[in-house]
Amino acid sequence: MDWSKVLANIPPQAKEAEVCTQFVPHLLEALGFSEKERLPQFSTGAGNDCVDFAARKNTSDDVFLFTRNEPDLLIEVKGRFTNAGGAINLTENSHQYVSTREQLKRYLLSPKCKSAHWGIITNSSHIQLFRCHDKVVTPATECIELTEENITSVVNHIKNLIEDTPRCLTVCVYNNKGGVGKTTTTINLAATLVTQKKKVLLVDFDSQRDLTKSLGLEPSSVKLSECLTDNSLDIRSAIIPFKLTQKSGKSNKVYRVFDVIPADHGMEAFTHQTQSRIQKGAARLRDLLKPFANEYDYIFIDCPTQWLFFSKSGVYAADAILIPTRHNDLSSLQNAARVIQEFILNDVKKIRQDGGPIALPIFFNGSPADGRSIDMAQKEIEQVIATAKTVDKINLVPYFFPKIKPGDMNKTVFNLPDYAVVASSAFARVPAVYKHKKVLEYYLALAREYFLNE
Amino acid sequence: MSDFDNVGQLMCLPLDAIQPSDSYSAPSEYIVAAAAASLLQTGGHNWIPLIVEEAGDYAYRAITNHFIYVVAAHAGLEEVWCLVIKSSPTDIEQARILAGEVTPKVNLTTASRATITSVLKYLASQPGTSLKSVDVTISASKIAAEDRSNWQDFAPIAKLKCGITKGKKLDEFASAFYLSPPPPPPSPPSTMSIKQASKQEILERLNYLVIHKIDGFGTVDPEKLSELIVNADRSKWKSLNPITKMNCGINTAKVKTLKTLFTL
Ligand SMILES: Nc1ncnc2c1ncn2[C@@H]1O[C@H](COP(=O)(O)OP(=O)(O)O)[C@@H](O)[C@H]1O
Ligand SMILES: [Mg+2]
């Protein structure tokens, strides 16, 4: 592909239609999609919505151009300029960037696009790749400004990513405040996703070992703490299956529910000596989990409270961060804002340079659906949002009130009700969702809100 | 330097993850053997670290303190304590300088007489030097007295009759210094007839010579001179020589320079 020629043929003030004809076909070609593997103006199945381009590799008996189903990649195109002649700025966090990204997200979750794993936004000056895993859309690259010098390597990088779609989404459950239900959420959400045929791995990355203990597990002979320091160990050997026995008639049937990498005592004795042996520091866990990218549908990492080695590792390793809060613990709300702003956006995301990780909207763990205490929590959130807006010039609305839309000030925060069984089953070594149908419903609602795209 | 890498940190690294120097040679086998014995006697924990940079994922390259690598390898150790430094040419250079592995160079464009004297004294005291016969004080004074601001190389030194002659001596001298001359001036304005030039056109050409301090023009007042030229009866000029009589610091040597920008 002679990109300098392609770029030279795009008018500096190209409108969307010109980007669609002068740039996107070359891009799709370079990404490995032949003319019979792409469609312009693909109807998403949601109202009259059409995404500018859809693409999928053909198989011997299925030509995408003819069957027009199961797209793998969507491309939402913008111009360099609007038809009215205004410049379109797609740099990250610009107004037009945010609306284009949201548009792509909507398309990716549309009825006829559920098969799509990948989405691109581009106006030929900028480009960004997103990955779609069930309901979760995460950036797979930064929003990159295209130049004659970088375009070949950028397109190649995107091609390599989409040709190797990982099976797994890695989620870190974290808030910089203790007792908000991180461990409880991790266990029950995982157990719930298993009922939806998802293969799940849990990583107990908290030296207090709450998750490991509440499931009644012991570490394997190869321990997680040893894998951190010894590059020659195989992390797969650290996995312990969590099994449940079900009585059926006279015989017992053993089910492998999910896999766990338990915490071990070596993590407790985390000293200067240990730290001197962890190459790449808090970036090490991410590398350790790489062999599982095609083994599981979800990996959940349970972290301790402080923003230190363990939590930093968990957030760095994750594609998305799920942040439980307590509606009646105002500090858990303030800390959620801190996690999003300081830890995710200003620290880890900048160091990772791959567009990730993202923060999912917060939820209230163990709260009533409404009432005075919810109103108070809402007031506190409004305060947090206002401060972030004036002091740090950052918009936290989507992270706290994700249901707000233009003209609809819907300030509902997802809530997971308080339920006594949840607390008591921590000693029973069985996830509460398997003990009580109602609890399963609660966590299924949580799974649907954030993950499942049904 | 963040918690997501090991830069600035003392790390205990597997010896086989470290790529050793390809140019270092240890002082002597017996010193290495004795140092290895000393290291083993104290439990194999080297207190002076090997200095490494990250060469890739879980791969490191030795930057300096190479002796430690050789000793640890000789002692049969599998791990060695290392300090991981930032991987940039200037940071690597700095580590090598501070470890005494390389001698830092001095900027001769701006060096004072005292500094030049000190460097020359050091060089002249080195074994096998070719500068032994040089009178350090006189030679440093002569170099210091020169305007070195535009030197592009060390060739002018050989012309100073300061004892540092072209060849071995000058090479040795140059090994301790570097130069930071200003970038060469941009290409000059086009040549044009002085009789037809407007004041603006004359000023533009004079400014070029003055701003870039070409051939001693640094002290000429371009405003004043262009004014005088415009107001002179230029039509009768047979050369540029009348300019030398304008009391503006233009001598016949400078007229030669003016001829590169002006014709009659
Ligand atoms: N939805 C819930 N209903 C009732 N109790 C809950 C619920 N979520 C968490 N808890 C209880 O709250 C306490 C703190 O939860 P935990 O998951 O250990 O928090 P963290 O891991 O954030 O420190 C535990 O005793 C747990 O059983
Ligand atoms: Mg916990």
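Computed from a prediction, not measured in an experiment: that's the story for all the values here.

Caption draft 1: Fine view of the overall build of chain A. Across its full length, chain A holds 18 helices and 17 strands. Over its C-alpha trace chain A gives a radius of gyration of 23 Å, about what one expects of a compact globule, namely 22 Å for 454 residues. For chain A, the C-alpha atoms occupy an extent of roughly 65 × 55 × 50 Å along the three principal directions. When the 454 residues of chain A are sorted by exposure, 52% land in the buried category. Of the roughly 20100 Å² of accessible surface on chain A, a fraction of 49% belongs to carbon and sulfur atoms. Seen as two clouds, the 55 positive and the 51 negative side-chain charges of chain A have centres 5 Å apart.

Caption draft 2: Representation of the sheet that holds strand β12 (residues 298-302) of chain A in the model. Residues and elements named next belong to chain A. With respect to topology, 7 strands assemble into an open sheet ordered β10-β11-β9-β12-β8-β13-β15, the strand pairing being mixed. Looking at which strands have only one partner, the edges of the open sheet turn out to be β10 (240-248) and β15 (358-359). With 2 bridges connecting them, strand β13 (residues 320-322) and β15 associate as parallel partners. Paired with I321 across the bridge in β15 is A359. Across the sheet, helix α13 (residues 309-317) lies against β8 (169-173), β12 and β13, angled at about 150 degrees from β8, the strand it touches most.

Caption draft 3: Focus on the site of ligand 1. Residue and element names in this part refer to chain A. Every one of the 14 residues lining ligand 1 counts as a neighbour, but G179, K182, T183, T184 and R326 are closest to it. The separation between an oxygen atom of ligand 1 and a polar main-chain atom of K182 is 2.8 Å. D418 has a polar side-chain atom sitting 3.4 Å from a nitrogen atom of ligand 1. With the chains in place, 78% of the 560 Å² that ligand 1 exposes on its own is no longer accessible. Elements that contribute at least two residues to the shell around ligand 1 include exactly α7 (182-195) and α17 (420-424). Ranked by residue count, the leading element in the shell around ligand 1 is α7, at 3 residues. Split by residue class, the shell around ligand 1 holds 6 nonpolar, 5 polar and 3 charged.

Caption draft 4: A look at the interface of chain B and chain A. On the chain A side, the residues contacting the 16 residues of chain B number 18 residues. Both faces combined, the contact of chain B with chain A buries some 1400 Å², and carbon together with sulfur accounts for 52% of it. Contact with chain A buries surface across chain B, with D3(B), F4(B) and Y58(B) losing the most and accounting together for 51% of the total. The tally of links between chain B and chain A comes to 3 salt bridges. Its salt-bridge partner being E79(B), residue R277(A) comes within 3.0 Å of it at the nearest N-O pair. Put simply, chain B and chain A have 10 residue pairs in polar contact (both at pLDDT 80 or more) between them. Broken down by secondary-structure element, the contributors of at least two residues to the side of chain B that touches chain A are β1 (10-14) and β5 (79-85) of chain B. Ranked by the residues each element gives to the side of chain B that touches chain A, the list is headed by β1(B), at 5 residues.

Caption draft 5: Region of interest: the pairing of β5(B). All names here are of chain B. Within β5, 5 of the 7 residues are buried, leaving the element largely enclosed by the surrounding structure. Bridge count between β1 and β5: 5 bridges; the pairing is antiparallel. From the neighbouring strand, P14 faces β5, where its bridge partner is E79.

Caption draft 6: Representation of the domain arrangement of chain B in the model. When cut into domains, chain B gives domain 1 (10-98), domain 2 (106-178) and domain 3 (192-263). A separation of 64 Å is found between the C-alpha centroids of domain 1 of chain B and domain 3 of chain B.

Caption draft 7: Here's a closer look at the environment of Q96(A). Residue and element names in this part refer to chain A. Among the secondary structure elements, Q96 is positioned in helix α5 (residues 95-108). For the pair Q96 and L189, spaced 93 residues apart in the sequence, the C-alpha separation amounts to 35 Å. When neighbours within four sequence positions are excluded, Q96 is seen to be in contact with A87, I88, N89 and L90.

How each quantity is defined
Residues numbered from 1 in each chain as written. Chains lettered and ligands numbered in written order. Predicted model: local features only at pLDDT ≥ 70, side-chain atom pairs only at ≥ 80, totals over all residues. Heavy atoms only, no water. Helix = DSSP H or I, 4+ residues; strand = E, 2+ residues; numbered from the N terminus. Rg over C-alpha atoms; globule rule 2.2 N^0.38 Å. Buried < 20%, exposed > 50% of the residue type's maximum accessible area, 1.4 Å probe, protein only. Areas by Shrake-Rupley, 256 points an atom, 1.4 Å probe, with all protein chains shown as cover. Lys, Arg positive; Asp, Glu negative; His and termini not counted. Charge placed at Lys NZ, Arg CZ, Asp CG, Glu CD. Pairing = 2+ DSSP bridges. Contact = heavy atoms within 4.5 Å. Axes fitted to C-alpha atoms, helices over the stretch in contact; angles between N-to-C directions. Near = heavy atom within 4 Å. Polar contact = N/O pair within 3.5 Å; in protein donor to acceptor, adjacent residues only side chain to side chain. Nonpolar A, V, L, I, M, F, W, Y, C, P; charged D, E, K, R; others polar. Buried area = accessible area lost by both parts, 1.4 Å probe. Salt bridge = Lys/Arg side-chain N within 4 Å of Asp/Glu carboxyl O. Domains from an automatic or database assignment.

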